[in-house]
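# Tertiary structure, described
Here is how the chains run, residue by residue.
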Amino acid sequence: MFRKVLLLIAALTFAGLSHANTGVAFVHGTGSQSDAYNDYWTGSFVQSVVSGLPNSSNYTVINCDFTQYMWTSGAAGCLAGQLTTFINQKNITSLTLITHSNGGNVARWIMSNPTWDSRYPNIINRIDEVIALAPSSAGTPLADAVIDGNVFESALGWLLGYKNDAVRMQQEAWMASYNANWLYGTSGRPALPKPFRSVVGTDVESAIWDGDSYCGGYSQNVGLEFTQNWLDSCSDGFLNCSSQNAAGSVWFYDTSKTYGDEPLSHAQSRRKCFGLDVFLRNRI
Amino acid sequence: MKHILLTSMILSLSTVSVANDTASSKSQIGNSYTGNPADSAPAQPDSQREMKPVSYSFPINDINQLDFSQKQAHVQSRQYMLDVSGAQLKSGIALNTSAKGALVRISAFDGKSAVEPQQLSLKTPKGQVLKQGKAFDTLVSSSAMQKNGMGFQQGTTGFKLDDTLGAGRFTLKADKGIASHAKYRINVFEKNSDTEMHLTANKSNYLSGEVLKVDARVFNQGKAEHIVSIKGRLVSPTGKTFDIDFNQSKDGYSVAKPLDMSAHSVPGALWELHTEAQLKVDGQLIQRNGQLPFAFAQQTAKVSSSPVITGQKQSPVAAIPVNAKTDGRYEVRAVLYGTDQSGALKPVMVTHSAANLAAGEGAIYMKFDPELIHQSGVSAPYTLKQLQLRDQGQMAVMSH
């Protein structure tokens, strides 16, 4: 009798596992999105990735206002709302978040501050892992440069001018403050409750004769090469490697895995470039 | 094998857990939250502040690798900025550099009257005049600057001084095509410079009535440089400014500013100390600007006495007495330690618990995850360490 009960428990447990319902959410970076599927990620990238799911319709593409501070209702609150709806509608039990850039910070906010919003614990419990593509975990000197050069602030007061709190938040010293006080996963801080694994872009190629520069948009890469001057020798044109690998653990550095050992610029780490979509597809 | 598999499944399913918040308090408002996966919380309007008590626990990683102390706030700067008029640019402005290859951006205040690099000439320290952007090895037009998607203000252009021109006193001059009345900010970033300003505050979180203490120093290859002049101001998240005085110190300047102004501001947004220093490097005046951020908030609550831990040996509950000056949502977070078989205290989990409290004496109840306690093998007596109180309404740390 006792053995039968044990077998029944084991069978139920396995049955539960076999019915784990896996889903993926794509979480964009800085910016306010209304059609991130087409505008931020591109459909070809999303569809290539989700073809690796047992049920390829189990995905959602987040559209929120990530020009706001990560903790606001328009940012983390919006993300929590859309994830909760996705989880409920699809009955997702195992969720992978694929974030890009500042989207990693918003995801980290939720995982680091579970009592902020009663929707957060259920989301955290469903998360299997966060795959953070080029996360801006320690900010970027380019955010400092943008804010320093914002003359609207001194002329009119910054509430009247250029209003992108997400850029302000991603200044390096600001992120140091948030990492030390409000976010988990960086050195010396408690680990996040769920794995946060980053993909790190290490360089930008923008030579006009190099066809690889066109993946992700040539003009964007030219701009990235200029702004690389503010950055370390290891960067993706927007973020230093030291920012991308500051939280959680590194899944891989681009050239260690990409086709042709090509680096992933910041524009390319959310596109179907050099096999990135395939690596993600195989992982989920 | 089956046992190992089952055990590993159980472990993997229970590494993160939500503690049911069943404890009650006369000052807690709202219903308890249950994090059972089958009990999905309905989405709430984004604008609504959370009213439910929420508690959450997760395993602690290697405690020896963690540092819960309050950190200093620190910035370093190898850049400076100048605000000039179109008329000044047409007559020529001094652009002093301490290293080759300075990166320069020019931003039009009106977002429209861009100065394109080809409109600029540069007189080098040796007296050579290079026109139409020929002194620059990278030129970024206003349209290209917008296309790069970094968020630079419209009307911003940029260039990099050719490395072969070296460093020193340059004169930057615009041609007659720009409006005299237009205003511009010029940012000069000296990536290759050894002259770096450091601003260091003794901590990163301040409460009303505390004293902001900041040291300002400029180093050149590790050696403190003489600061000729320095000025600064505090800037609140809403743009309100407050004058501050620097006092000369042993190898730089310092600020000791009582924070007696209202801290009511944008929750979570940081205040900044904006500082501008002038110093002499090889007989030449060099400027540095830096912005040091720090958190500043009203003291709205305190932990009023020691936590009291009660409950069964596998399901402790901690009551954290909190004295709140104002109604609000407060959170306590701490690391729970239990006692192992050798009698030593062992860290088990990080627990966060938040509740809405009315002004006055109240308590936040922390309930811990029994599964994590079971996995750790510890039992009573328990203790809490690294206890922190936070005001979620202000998004501020009340105590470390």
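Residues numbered from 1 in each chain as written. Chains lettered and ligands numbered in written order. Predicted model: local features only at pLDDT ≥ 70, side-chain atom pairs only at ≥ 80, totals over all residues.

Chain B carries the name DUF4785 family protein in an unreviewed UniProt entry, which gives Kangiella taiwanensis as its organism.

Taking an unreviewed UniProt entry as the reference, chain A is identified by name as Lipase belonging to Kangiella taiwanensis.

### Looking at the overall build of chain B
Secondary structure assignment for chain B yields four helices and 29 strands. Split into buried and exposed, the 400 residues of chain B put 41% on the buried side. A fraction of 74% describes how many contacts in chain B between residues 6 or more apart in sequence connect residues 24 or more apart. (Helix = DSSP H or I, 4+ residues; strand = E, 2+ residues; numbered from the N terminus. Buried ≥ 20, exposed ≤ 12 C-beta atoms within 10 Å, placed from the backbone. Contact = placed C-beta atoms within 7 Å.)

### Side note on the overall build of chain A
Within chain A, the secondary structure is distributed over 13 helices and six strands. Within chain A, the fraction of its 284 residues that count as buried is 63%. Across chain A, every contact between residues at least 6 apart in sequence was considered, and the portion connecting residues at least 24 apart equals 76%.

### Topic: the domain arrangement of chain B
Here chain B is partitioned into domain 1 (13-41 + 49-70 + 301-399), domain 2 (79-189) and domain 3 (201-275). Distance from the C-alpha centre of domain 2 of chain B to the C-alpha centre of domain 3 of chain B: 30 Å. (Domains from an automatic or database assignment.)

### Description of the environment of Leu161(B)
All names here are of chain B. Here Leu161 shows up in strand E9 (residues 156-161). The sequence separation of Leu161 and Gln278 amounts to 117 residues, and the corresponding C-alpha distance is 22 Å. The contacts of Leu161, once residues within four sequence positions are left out, are Gly101, Ala102, Val104, Ala135 and Phe136.

### Comments concerning the packing of helix H4 (residues 73-90) of chain A against helix H5 (residues 103-112) of chain A
Residue and element names in this part refer to chain A. One way to put it is that H4 packs onto H5 with a least axis distance of 10 Å and a crossing angle of 75 degrees. The orientation of H4 relative to H5 falls into the category roughly perpendicular. The residues of H5 that touch H4, namely those facing Ala75, Ala76, Leu79 and Ala80, are Val106, Trp109 and Ile110. The class makeup of the residues in the contact of H4 with H5 is seven nonpolar, no polar and no charged. (Axes fitted to C-alpha atoms, helices over the stretch in contact; angles between N-to-C directions. Parallel < 35°, antiparallel > 145°, perpendicular 65-115°, else oblique. Nonpolar A, V, L, I, M, F, W, Y, C, P; charged D, E, K, R; others polar.)

### Observations concerning the nonpolar core
Residue and element names in this part refer to chain A. Within the largest apolar cluster, 176 residues are counted, with the highest numbers of intra-cluster contacts made by Phe26, Ala75, Leu79 and Ile110. When residues of this core are assigned to their parent elements, the largest contribution, eight residues, is made by H4. Those residues in contact with Ile110 that lie beyond four places of it in its chain are Ala76, Leu79, Ala80, Tyr120, Ile123 and Ile124. (Core = buried A, V, L, I, M, F, W, Y, C linked by C-beta atoms within 7 Å.)

### What about the environment of Phe159(B)?
Residues and elements named next belong to chain B. Looking at where Phe159 falls in the secondary structure, it is placed in strand E9. Looking at Phe159, the number of C-beta atoms within 10 Å reads 25, which means it is buried. Along the chain, Phe159 and Arg105 lie 54 residues apart, while their C-alpha atoms are 6.6 Å from each other.

### A few points about the sheet that holds strand E21 (residues 284-297) of chain B
Strand order in the open sheet formed by five strands is E13-E21-E20-E16-E17 (chain B), and the pairing between neighbours is mixed. Only two strands of the sheet have a single partner each, and these edge strands are strand E13 (205-207) and strand E17 (241-244) of chain B. Adjacent strand axes in the sheet meet at a mean angle of 30 degrees, parallel and antiparallel pairs treated alike. Bridge count between E13(B) and E21(B): three bridges; the pairing is parallel. Across the sheet, residue Asn205(B) finds its bridge partner in E21(B), namely Ala295(B). Sitting on the sheet, helix H10 (residues 172-181) of chain A is in contact with E13 and E21 of chain B, with an inclination near 30 degrees to E21(B). (Pairing = 2+ DSSP bridges.)

### Quick notes on the sheet that holds strand E4 (residues 93-97) of chain B
Residues and elements named next belong to chain B. Taken together, four strands build an open sheet; the order of strands is E4-E10-E6-E7 and the sheet is antiparallel. With partners counted over all chains shown, the strands left at the sheet margins are E4 and strand E7 (129-130), one partner each. Across two bridges, strand E6 (residues 120-123) lies against E7 in antiparallel orientation. Opposite Lys123, over in E7, you have Val129 as the bridge partner.

### So, helix H3 (residues 43-50) of chain A
Owing to its 3.6 residues per turn, the α-helix aligns residues three or four sequence positions apart on the same side. Residue and element names in this part refer to chain A. Buried residues of H3: Phe45, Val46, Val49 and Val50, and no others. For H3, the buried positions fall inside an angular range of 115 degrees around the axis, keeping them on one side. Facing away from the buried side of H3 by more than 90 degrees, the exposed set consists of Gly43 and Ser44. Buried residues in H3 make contact with strand E1 (22-27), helix H2 (36-41), strand E2 (59-61) and helix H13 (276-283). (Arc of directions from axis to C-beta.)

### Examining the UniProt feature "domain: DUF4785" (unreviewed entry) in chain B
Residues and elements named next belong to chain B. Feature annotation in UniProt places "domain: DUF4785" (unreviewed entry) on residues 47-190, 193-296 and 313-398, given in this structure's numbering. With 0% helix and 64% strand, the stretch residues 193-296 has end C-alpha atoms that lie 33 Å from each other. When the span residues 313-398 is considered, its composition is 8% helix and 69% strand, and the gap between its end C-alpha atoms is 31 Å. (UniProt positions renumbered as here; feature names shortened; annotations may be inferred.)

### Points about the pairing of strand E5 (residues 103-108) of chain B
All names here are of chain B. Within E5, six of the six residues are buried, which leaves it mostly tucked inside the rest of the structure. Neither face of E5 is open: one carries Leu103, Arg105 and Ser107, the other Val104, Ile106 and Ala108, and all of them are buried. Note: E5 against E9, five bridges, orientation antiparallel. Counterpart to Ile106 in the pairing with E9 is Thr157. Direction of pairing for E5 relative to strand E11 (residues 183-189): antiparallel, over a ladder of six bridges. In the sheet register, Ser107 faces E11, and the bridge partner there is Arg185.

### Some thoughts on the confidence of the model for chain B
All names here are of chain B. Per-residue confidence for chain B averages 85 on the pLDDT scale, and 87% of its residues sit at or above 70. Contacts of residues 1-47 to residues separated by more than four positions or lying in other chains number 85 contacts, the stretch itself having pLDDT below 50. Confidence metrics for the complex model read pTM 0.88 and ipTM 0.89. (pLDDT = per-residue confidence, 0-100.)

### Some remarks on unusual backbone geometry
Backbone torsion omega between Ala380(B) and Pro381(B) reads 0 degrees, so that peptide bond is classified as cis. Relative to the assigned elements, Pro381(B) resides in strand E28 (residues 379-391). Not every positive phi belongs to a glycine, and Asp261(A) is a case in point at roughly 55 degrees. With respect to the element layout, Asp261(A) can be found in the loop between strand E6 (249-253) and H13. Exposure remark for Asp261(A): the 10 C-beta atoms within 10 Å place this residue in the exposed category.

### Re the confidence of the model for chain A
Residue and element names in this part refer to chain A. In the predicted model, chain A carries a mean pLDDT of 87, and 82% of its residues have values of at least 70. Low pLDDT, under 50, characterises residues 11-17; the stretch is placed with three contacts to residues that sit more than four places away or in other chains. Between residues 153-162, whose pLDDT stays under 50, and residues either more than four places distant or in other chains, the model counts 15 contacts.

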